[in-house]
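Descriptive structure summary
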Amino acid sequence: MKSSLEGTGKFILRVAFGCLMLVHGVQKVSKYSDLVEAFPDPIGLGSQLSLISAIATELGCSIFLILGLLTRVVSVPLAFTMIIALFVVHADDPWQKKELAAVYLVAYIAILFLGPGKFSIDHLIWGKRADSLTSP
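Reference entry: report on the structure contained in this document.

1. Observations regarding helix α3 (residues 47-67)
Across its 21 residues, α3 extends 30 Å between first and last C-alpha, which sits within 8% of the 30 Å expected from 1.5 Å per residue. Count one or two residues on from α3 and you reach glycine 68, which has phi positive near 75°.

2. Some words on the nonpolar core
Core analysis: the biggest nonpolar cluster contains 17 residues, and Met21, Leu65, Leu78, Met82, Tyr104 and Tyr108 have the highest contact counts within it. When residues of this core are traced back to their parent elements, those giving at least two are α1 (2-30), α3, α4 (71-89) and α5 (95-114). Counting residues per element, this core draws most heavily on α5, at seven residues. What leucine 78 contacts, discounting residues up to four positions off in sequence, is Met21, Thr57, Cys61, Ser62, Leu65 and Tyr108.

3. Quick word on the pattern of salt bridges
Going through the model one piece at a time under the given rule, you end up with two salt bridges. Residue lysine 10 pairs with glutamate 6 through a salt bridge whose shortest N-O separation is 3.3 Å. Placement of both lysine 10 and glutamate 6 in helix α1 is noted, with a separation of four residues, approximately one turn of the helix. For glutamate 58, the salt bridge is made with lysine 28, and the minimal N-O distance between the two is 3.0 Å. A residue pair is termed long-range when its members are at least 10 positions apart, and glutamate 58 in helix α3 and lysine 28 in helix α1 qualify at 30 residues. In this structure, glutamate 58 and lysine 28 share a single accessibility class: buried.

What counts, and where the lines are drawn
Residues numbered from 1 in each chain as written. Predicted model: local features only at pLDDT ≥ 70, side-chain atom pairs only at ≥ 80, totals over all residues. Heavy atoms only, no water. Helix = DSSP H or I, 4+ residues; strand = E, 2+ residues; numbered from the N terminus. Expected span 1.5 Å × (residues − 1). Core = buried A, V, L, I, M, F, W, Y, C linked by side-chain atoms within 4.5 Å. Buried < 20%, exposed > 50% of the residue type's maximum accessible area, 1.4 Å probe, protein only. Contact = heavy atoms within 4.5 Å. Salt bridge = Lys/Arg side-chain N within 4 Å of Asp/Glu carboxyl O.

Put into structure tokens, the structure is as follows:
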């Protein structure tokens, strides 16, 4: 019973935060032409490459997270994106503006440590090893 509840909890966390972030990526794609010149360039890549990187992370990594495929691997760029949003892009903003990035960051760090759970493609491929910290 505990294993099923734990797996269900990991599934809900992964899918919920994957879907929530996916919405941000879809919004960026739909407004690409409006955003491309004015998108923040927090780490010196240029506005266009910064936007493309954000879209790739928010769309691509979110899809992998929802599927539970390479869960720990994709949680790293998602967390990194939230670190940049929280501490660089919104550094001078009030807490209300930073809070969402902080919530996402905590969730992605939790997923990194918790692993994908048994309701994931990772579990289908690697079995219980997918939840151990030594898994690929």
